[in-house]
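Here's the letter readout for the chains.
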Amino acid sequence: MNVDKGFVEAEIPAGTDLKKEIERLKKEQDAVVLAHYYQKGEIQDVADYIGDSLALARIAATLPNKVIVLCGVHFMGETAKILCPDKVVIVPDVNAGCSLADSCPADEFARFVADHPGHTVISYVNTSAAVKALTDIVVTSGNARKIVESLPKDEKIIFGPDRNLGNYINAETGRQMVLWNGACHVHELFSPVKIAELKKEHPQAKVLVHPECPAPVRILADKIGSTAVLLKYATESDAQEFIVATESGILHQMQKDCPQKTFIPAPPDDSTCACNDCAFMKLNTMEKLYNSLRFLAPQIEVDADIAERARRPIERMLQLS
Ligand code: 13P
Ligand code: SF4
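These numbers come from a predicted model, not from an experiment. (Residues numbered from 1 in each chain as written. Chains lettered and ligands numbered in written order. Predicted model: local features only at pLDDT ≥ 70, side-chain atom pairs only at ≥ 80, totals over all residues. Heavy atoms only, no water.)

(A) Local environment of the sheet that holds strand β9 (residues 206-209). Spatially, four strands are ordered β10-β9-β11-β12 in an open sheet, and the strand pairing comes out parallel. In this open sheet, the two strands that pair with only one neighbour each are β10 (223-224) and β12 (262-265). Both strand β11 (residues 241-245) and β12 contribute to a ladder of four bridges, which runs parallel. Bridge assignment links Glu-241 to a residue of β12, and that residue is Thr-262. Sheet strands touched by helix α10 (residues 192-201): β9, β11 and β12. Its angle to β11, the strand with the most contacts, is close to 175 degrees. (Pairing = 2+ DSSP bridges. Helix = DSSP H or I, 4+ residues; strand = E, 2+ residues; numbered from the N terminus. Contact = heavy atoms within 4.5 Å. Axes fitted to C-alpha atoms, helices over the stretch in contact; angles between N-to-C directions.)

(B) Expanded view of the packing of aromatic side chains. Applying the stated criterion across every chain, the model contains four aromatic pairs. Taken together, a centroid distance of 6.0 Å and an interplanar angle of 35 degrees make the contact between Phe-109 and Phe-112 tilted. Note that Phe-109 and Phe-112 are positioned in helix α6 (residues 106-114) at a spacing of three residues, about one turn of the helix. Like Phe-109, the residue Phe-112 is buried in the burial classification. Judged by centre distance (5.1 Å) and plane angle (80 degrees), the ring pair of Phe-112 and Trp-180 falls under edge-to-face. Within this pair, whereas Phe-112 is found in helix α6, its partner Trp-180 is found in the loop between β8 (178-179) and α10, the two being separated by 68 residues in sequence. (Phe/Tyr/Trp six-rings, centres within 6.5 Å; stacked < 30°, edge-to-face > 60°. Buried < 20%, exposed > 50% of the residue type's maximum accessible area, 1.4 Å probe, protein only.)

(C) Here's a closer look at the site of ligand 1. The environment of ligand 1 is made up of His-36, Tyr-38, Asp-52, Ser-53, Asn-126, Ser-141, His-187, His-210, Glu-212, Ser-226 and Thr-227. At 2.6 Å from an oxygen atom of ligand 1 is found a side-chain nitrogen or oxygen belonging to Ser-53. Side-chain polar atom of Glu-212 to an oxygen atom of ligand 1: 3.0 Å apart, as the coordinates give it. Here ligand 1 has 300 Å² of accessible area as a free molecule, and 96% of this is covered by the chains. Here the residues of the shell around ligand 1 are counted per class, giving one nonpolar, eight polar and two charged. (Near = heavy atom within 4 Å. Polar contact = N/O pair within 3.5 Å; in protein donor to acceptor, adjacent residues only side chain to side chain. Areas by Shrake-Rupley, 256 points an atom, 1.4 Å probe, with all protein chains shown as cover. Nonpolar A, V, L, I, M, F, W, Y, C, P; charged D, E, K, R; others polar.)

(D) Local environment of the pattern of salt bridges. Across all of its chains, the model carries 14 salt bridges by this definition. Of the charged contacts in the structure, one is a salt bridge between Lys-232 and Glu-236, with a shortest N-O distance of 3.4 Å. With Lys-232 and Glu-236 both in helix α12 (residues 227-236), this residue pair falls four residues apart, about one helical turn. The salt bridge involving Arg-311 is made with Glu-308; its shortest N-O contact spans 2.7 Å. Pair noted here: Arg-311 and Glu-308 are both in helix α15 (residues 304-320), with a separation of three residues, about one helical turn. Relative accessible area serves as the criterion here: at 40%, Glu-308 is assigned to the partly exposed category. Here the residues in one salt-bridge network are Glu-21, Arg-24 and Glu-28, joined through shared partners. (Salt bridge = Lys/Arg side-chain N within 4 Å of Asp/Glu carboxyl O.)

(E) Inspection of the site of ligand 2 at higher detail. The local shell around ligand 2 consists of Tyr-38, Cys-98, Ser-99, Leu-100, Asn-126, Cys-184, His-185, Val-186, His-187, Glu-212, Cys-278 and Met-281. Its residues assigned to classes, the shell around ligand 2 comprises seven nonpolar, four polar and one charged.

(F) Summary view of the pairing of strand β1 (residues 31-36). Taken across its six residues, β1 has six buried, putting it largely inside the fold. Side chains Ala-31, Val-33 and Ala-35 project from β1 onto one buried face, and the interleaved Val-32, Leu-34 and His-36 project onto a second face that is buried too. Looking at chain direction, β1 and strand β3 (residues 67-71) are connected through five bridges and run parallel. In the strand pairing of β3, Ala-31 is matched with Val-67. Relative to strand β2 (residues 49-51), β1 runs parallel, the two being bridged by three bridges. Bridging from a neighbouring strand, His-36 pairs with Gly-51 of β2. Once the chain exits β1 it traverses helix α2 (residues 41-46) before rejoining the sheet at β2, and the crossover so formed is right-handed. (Right-handed = clockwise from strand over helix to strand, strands pointing away.)

By themselves, these observations are geometric and do not establish any function.
This is how it looks when you write it as structure tokens:
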């Protein structure tokens, strides 16, 4: 067994029924599998819980199991580990990073915070533990607006790292939060022109948009929200067609919950790329999940001092949302 590459490399005997074996190992290891909506469909199908980043953090904090396997990206594993320091927390491939989190290095963010004395620091959950440790309140796309609105109107706020989510919250709440200039490479690349053309071909379709998309895409939306909010809207809506401007993994759950409805992925600017796939999310595979359960690796560890400082703003989020 070798984890040098950030996932377990171990031979899997030919003919192994991965689904059955994953179920067996979950019981044997007292493990629970959490999956984000952007995971590959087959991983979502073996997960015990599927959710947006808020739901995954909430669920992780309450689980009785010894082992949490978080099929998502690295910061989600870190959040689970910070909330559950005594548990074994695994991300099947720890190379699963996040371009948005990477757009906000902790040392640069520390300077940004120091340059804005007297500001409350709000950070999106898509950040490293080191950035969370510099933060007063963590938010997700599912609760950002509610948490910002819970603060006094005249409170000075820094919001990082997603400028699109920050702009959206500013527009919705009338605040003037100071924004860090970061973005997600997946959500930046949807083409408003192509979405508008698609809407002409499907005039009855509702346009669902994640708030990490820039304003020219958000303006076309019938519904803006976190992955869980968009899924709920699609399930409850009378509409039969939806154009979905967020990572493609969410379509698996939408199609599963509403088999009679049609979900069309919003096109990116460059139609030759698979830009609406998050390459980081897709690094987790059934094989890596199986091996991670076999060998309980690779485990997420967070420096004790950073974890201590990062826990407070995460817990504050859970209290406020
Ligand atoms: P959610 O908060 O909607 O789960 O989104 C997380 C994310 O990484 C979006 O790109
Ligand atoms: Fe990060 Fe974007 Fe992937 Fe979400 S879709 S995990 S924000 S890179």
